[in-house]
Amino acid sequence: MKITEVGPRDGLQNEKSEVPTQDKLVYIRKLVAAGLKHIEATSFVRKENIPQLGDAKELSASLNLNGDVHFSALTPNLKGYQAAISSGFKEVAVFTAASESFTKKNINRTIQESIDGFKEIFAEAKKDGVLVRGYVSTVIDCPYEGKIDPKKVLEVSKILLDQGAYEISLGETIGTAVPAEVDKLLNTLLKEIPADKLAGHFHDTYGMAISNVQKSYELGIRSFDSSSGGLGGCPYAKGASGNLATEDLVYFFHKSGIQTGIDLSKLLEASAFMEGILQRKLASRSYIALKAKAAS
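- In the annotation of an unreviewed UniProt entry, the protein chain is listed under the name Hydroxymethylglutaryl-CoA lyase and assigned to Leptospira dzoumogneensis.
- Under the heading Sequence similarities (unreviewed entry), UniProt records this for the protein chain: "Belongs to the HMG-CoA lyase family."

Here's what the structure looks like:
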């Protein structure tokens with residue numbers, strides 16, 4: 001079982017109040033202490049585009065990028081990739097979508113232009129021995145185009161895999177999917193892509209994320225993204241709530257008899273810390289319930 005914690009990057013990037021670098025480091029160290037082995041730490045983007053992640057270089061300098069925790073960084077272009085590698089990262093992620101409208105709105109490129117832009121990253125990563133993970137967003141619904149054809153998701157995923165991505169994270173970006181739709185998508189993909197090349201990245205707008213995880217697990221998926229406390233959201237998808245909370249994911253797996261290697265109580269400490277920093281209540285159902293139980 002692999003859980004990729006995306007809180008430090010995907011979870012924080014849209015927060016309006018800037019989180020100090022030292023607080024991000026405390027947060028990440030608490031996530032590591034909880035047993036998380038795959039953490040997306042930051043993104044190397046222009047500070048004016050995402051001010052929250054403008055400290056990527058400074059943050060990275062304080063991380064142990066040679067330990068047993070696999071830290072990754074999102075790199076939107078070759079310049080970002082080079083900055084990540086010079087900072088010591090051994091894994092990066094690239095981002096596109098299965099919707100032309102969403103890709104254009106998000107990164108001002110067509111799907112093909114985004115993929116063409118990644119070719120240099122894949123070529124350099126191969127020479128550098130760096131892992132590349134591919135994100136494909138809007139895999140079921142798009143806020144602009146509506147329903148997405150699973151064949152389009154397959155097409156984009158195969159291109160990224162052929163270029164050298166070791167795994168494709170399937171982003172259910174606006175949190176509208178139900179298990180029947182996840183079943184249809186995965187049954188299309190799994191005809192041509194092995195299950196161990198796919199990961200589920202679900203949002204919980206309609207409270208369906210765990211049900212979608214369960215369906216994915218039944219179909220052989222063993223890699224999932226989540227964000228502690230349910231932090232995150234999508235600025236280009238009105239109404240979309242945060243990512244699936246890592247606490248909810250871990251609680252579900254443990255109660256189902258599936259071990260993750262993550263200490264739930266320590267994970268709650270990481271989320272509680274960030275709740276204090278952000279000065280607002282977090283959305284994670286398990287966090288709220290277990291916090292109340294501990295206080296009773």
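Concerning the overall build of the protein chain
And then number 1: Helix and strand counts for the protein chain come out as twelve helices and ten strands.
And then number 2: A compact globule built from 296 residues should have a C-alpha radius of gyration of about 19 Å, and the protein chain, at 18 Å, falls within 12% of that.
And then number 3: Its C-alpha atoms put the protein chain at 55 × 45 × 35 Å along the principal axes.
And then number 4: Taken across its 296 residues, the protein chain has 52% of its residues classed as buried.
And then number 5: Considering only contacts in the protein chain between residues 6 or more positions apart, those separated by 24 or more positions represent 73%.
And then number 6: Accessible surface computed for the protein chain: about 12900 Å², of which carbon and sulfur atoms make up 51%.

Quick look at the packing of aromatic side chains
Centre-to-centre distance and the angle between the planes together describe a pair of aromatic rings.
And then number 1: Applying the stated criterion across every chain, the model contains four aromatic pairs.
And then number 2: For the pair Y217 and F253, a centre-to-centre distance of 5.8 Å together with 55° between the ring planes defines the contact as tilted. Of this pair, Y217 sits in helix α9 (residues 209-218) while F253 sits in helix α10 (residues 246-255), and the two are 36 residues apart along the sequence.
And then number 3: Pairing F252 with F253 gives two aromatic rings, centres 5.4 Å apart and planes at 50°, and the pair type is tilted. No difference in accessibility class separates F252 from F253, as the two residues are buried.
And then number 4: The structure contains a cluster of three or more aromatic residues connected by ring pairs, namely Y217, F224, F252 and F253.

A few points about the nonpolar core
A general feature of soluble globular proteins is that nonpolar side chains tend to end up buried together.
And then number 1: F71 and F89 are the most contacted members of the largest nonpolar core, which has 82 residues in total.
And then number 2: Each residue touching F71, except ones within four places of it in the same chain, is listed here: I28, V32, I39, A41, L63, N64, L65, F89 and E91.

Quick look at the pairing of strand β10 (residues 223-226)
And then number 1: Here β10 shows a buried face lined by S223 and D225 and a second buried face lined by F224 and S226.
And then number 2: As judged from the four bridges shared by strand β1 (residues 2-5) and β10, these two strands associate in the parallel manner. Counterpart to K2 in the pairing with β10 is S223.
And then number 3: You can see the chain leave strand β9 (residues 198-202), run along α9 and come back into β10, and the turn it takes is right-handed.

Overview of the pattern of salt bridges
And then number 1: Applying the stated criterion across every chain yields a total of 19 salt bridges.
And then number 2: Close ionic contact of K215 with E218 constitutes a salt bridge, the shortest N to O distance being 3.4 Å. Of this pair, K215 and E218 both sit in helix α9, three residues apart, roughly one helical turn.
And then number 3: You can call K215 partly exposed: its relative accessible area is 21%.

Some words on the packing of α9 against α10
Packed helix pairs are characterised by how far apart their axes lie and by the angle those axes make with each other.
And then number 1: In the contact formed by α9 and α10, the axes pass within 11 Å of each other and the chain directions differ by 50°. Between α9 and α10, the crossing angle belongs to the class labelled oblique. Every pair of crossing elements has a handedness; the one defined by α9 and α10 is right-handed. Contacts between α9 and α10 involve I210, V213, Q214 and Y217 from the former and D248, L249, F252 and F253 from the latter.
And then number 2: For the contact of α9 with α10, a count of residues per class yields six nonpolar, one polar and one charged.

Parameters and conventions
Residues numbered from 1 in each chain as written. Predicted model: local features only at pLDDT ≥ 70, side-chain atom pairs only at ≥ 80, totals over all residues. Heavy atoms only, no water. UniProt positions renumbered as here; feature names shortened; annotations may be inferred. Helix = DSSP H or I, 4+ residues; strand = E, 2+ residues; numbered from the N terminus. Rg over C-alpha atoms; globule rule 2.2 N^0.38 Å. Buried < 20%, exposed > 50% of the residue type's maximum accessible area, 1.4 Å probe, protein only. Contact = heavy atoms within 4.5 Å. Areas by Shrake-Rupley, 256 points an atom, 1.4 Å probe, with all protein chains shown as cover. Phe/Tyr/Trp six-rings, centres within 6.5 Å; stacked < 30°, edge-to-face > 60°. Core = buried A, V, L, I, M, F, W, Y, C linked by side-chain atoms within 4.5 Å. Pairing = 2+ DSSP bridges. Right-handed = clockwise from strand over helix to strand, strands pointing away. Salt bridge = Lys/Arg side-chain N within 4 Å of Asp/Glu carboxyl O. Axes fitted to C-alpha atoms, helices over the stretch in contact; angles between N-to-C directions. Parallel < 35°, antiparallel > 145°, perpendicular 65-115°, else oblique. Left-handed = near helix turned anticlockwise from the far one by under 90°. Nonpolar A, V, L, I, M, F, W, Y, C, P; charged D, E, K, R; others polar.

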